[in-house]
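If you want the building blocks of each chain, they are given just below.
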Amino acid sequence: MTTTELPRWSSRPYADADRDAVLALFTEPDFFFRTGDPDTRPEWEILSLLDEDTHVLLANGEVVGLYAVESEANNACHYSMQLRLRASATLEWWQSAFAELSRANRWRREVVRLALRFDEFDSRGLAFARAAGLREEGTLGAVSVHEGQRYGYVSFAQIWEPIS
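Per chain, residue numbering runs from 1 following the sequence as it is written. Given that this is a predicted model, residues contribute local features only at a pLDDT of at least 70 and side-chain atom pairs are listed and counted only at 80 or more, while totals for whole chains, interfaces and linings are drawn from all residues. No hydrogens and no water enter the side-chain calculation; it runs on all heavy atoms of the structure.

Trainee: Please explain the packing of aromatic side chains as it appears in this structure.
Mentor: Centre distance and the angle of the planes are the two values used to describe a pair of aromatic rings. The rule is short: rings of Phe, Tyr and Trp, with Trp giving its six-membered ring, pair when the centres are within 6.5 Å, and they are stacked under 30 degrees, edge-to-face over 60, tilted in between. Evaluation of the coordinates by the stated rule reveals eight aromatic pairs. Summarising the aromatic geometry, the rings of F26 and F31 are spaced 5.1 Å apart at their centres and angled 70 degrees between planes, so their arrangement reads as edge-to-face. Taken individually, F26 and F31 each receive the classification buried, so the pair is uniform in this respect. Members of the aromatic cluster, each reached through a chain of ring pairs, are W94, F98, F118, F128 and F156. One Lys or Arg, R109, reaches over the ring of Y79 and ends 4.7 Å from the middle of that ring. The buried label applies to any residue whose accessible area, calculated with a 1.4 Å probe on protein chains only, is under 20% of its type's maximum; exposed applies above 50%, and partly exposed to all values in between. Definition used: whenever NZ (Lys) or CZ (Arg) falls within 6 Å of the ring centre and also within 35 degrees of the ring normal, the charge is taken to sit over that ring.

Trainee: I'm lost on a nonpolar patch on the surface in this one. Help?
Mentor: There is a patch of nonpolar side chains on the surface, built from L140, V143 and Y153 and spanning about 240 Å² of accessible area. Structurally, L140 can be placed in strand β6 (residues 135-146). Overall, L140 belongs to the exposed group, its relative accessible area being 52%. Put simply, a patch holds well-exposed residues, over 30% relative accessible area, that have no salt bridge, with like charges counted together within 9 Å and Val, Leu, Ile, Met, Phe, Trp or Tyr side chains within 5 Å. In short, Shrake-Rupley with a 1.4 Å probe defines the accessible areas, and a residue's cover is counted only from the protein chains shown. What makes a salt bridge here is a side-chain nitrogen of Lys or Arg within 4 Å of a carboxyl oxygen of Asp or Glu, nothing more. Going along the chain from the N terminus, every DSSP run of H or I of four or more residues is numbered as a helix, and every run of E of two or more is numbered as a strand.

Trainee: Teacher, can you tell me more about the nonpolar core here?
Mentor: Generally speaking, nonpolar side chains in soluble globular proteins are found buried as a group. Judged by nonpolar contacts, the single largest core of 27 residues is most densely connected at L83, L85 and F128. When contributions to this core are tallied by element, the ones reaching two or more residues are β2 (54-59), β3 (62-71), β4 (78-85), α3 (91-108), β5 (113-119), α4 (123-131) and β7 (149-159). Ranked by residue count, the leading element in this core is α3, at five residues. Residue types Ala, Val, Leu, Ile, Met, Phe, Trp, Tyr and Cys, when buried and joined through side-chain atoms within 4.5 Å, form a set referred to as a nonpolar core.

Trainee: How do you make sense of the sheet that holds β3 when you look at a structure like this?
Mentor: The strands making up a sheet are joined through hydrogen bonds of the backbone, oriented either antiparallel or parallel. Should DSSP find at least two bridges between two strands, the strands are taken to pair. Strand order in the open sheet formed by seven strands is β1-β2-β3-β4-β5-β7-β6, and the pairing between neighbours is mixed. The open sheet is flanked by β1 (9-13) and β6, the only strands paired with a single partner. Geometrically, the sheet is characterised by an average inter-axis angle of 30 degrees between neighbouring strands, direction not taken into account. With four bridges connecting them, β4 and β5 associate as parallel partners. Bridging from a neighbouring strand, M81 pairs with L116 of β5. Residue contacts are defined here by distance: any two heavy atoms, one from each residue, within 4.5 Å place the two residues in contact. Here an axis means a line fitted to C-alpha atoms, over the contact stretch when the element is a helix, while the angle between two N-to-C directions is reported on a 0 to 180 degree scale. Against the sheet, α3 makes contact with β1, β2, β3, β4, β5 and β7, and its axis sits at roughly 150 degrees relative to β4, the strand it touches most.

Trainee: Would you explain the packing of α3 against α4 in this entry?
Mentor: Packed helices, taken two at a time, are described by their axes: the angle between them and the distance between them. Between α3 and α4, the shortest axis-to-axis distance is 10 Å and the interhelical angle comes to 60 degrees. Classed by the angle they form, the pair α3 and α4 counts as oblique. The element α3 and its partner α4 pack so that their crossing is right-handed. Seen from α3, the contacting residues are L91, W94, Q95 and F98; seen from α4, they are R124, G125, A127, F128 and A131. The labels follow the angle: roughly parallel below 35 degrees, roughly antiparallel above 145, roughly perpendicular from 65 to 115, and oblique for the rest. Note on convention: near helix rotated counterclockwise from far helix by under a right angle means a left-handed crossing. Clockwise means right-handed.

Trainee: Is there a simple way to think about the environment of R41 in this case?
Mentor: Turning to its location among the elements, R41 is positioned in the loop between α1 (19-25) and α2 (43-48). A relative accessible area of 28% places R41 in the partly exposed class. For the pair R41 and T27, spaced 14 residues apart in the sequence, the C-alpha separation amounts to 9.0 Å. Residues contacting R41, with those up to four places away along its chain left out, are T35 and I46.

Here it is, written out as structure tokens:
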């Protein structure tokens, strides 16, 4: 399968069996899943980024990324998502994965707002969010560090009408 074809997506909670594949993702210098400098982190620190909300994202059965969805501010319908795909994943893959993850989350629970945040230096994440048509909500400055400099988070969201 070429990376231009859309894969069949699946996911599962992170488990020890995924350890080697997940650690390999963090060798990419722009695999910004909960860190601004992934390829400089020791193994123990990378593993500390993976909690009970972390899921492995698979394309046709192969580990290609990570995501996590968390309740935001204890609001029953507002969530945040962290999403990262490996460097070889195309913009179309990002959009397809996000569409499937959004659909799956909305199937399990009511979602009114799904927020995503990308660092100002994260060109792939920002390109995805803008191409996906997510609403850009602003930048919270100087909250992350990358290569010794401070950067802001750019906030995006997908909004749906409440069901009830």
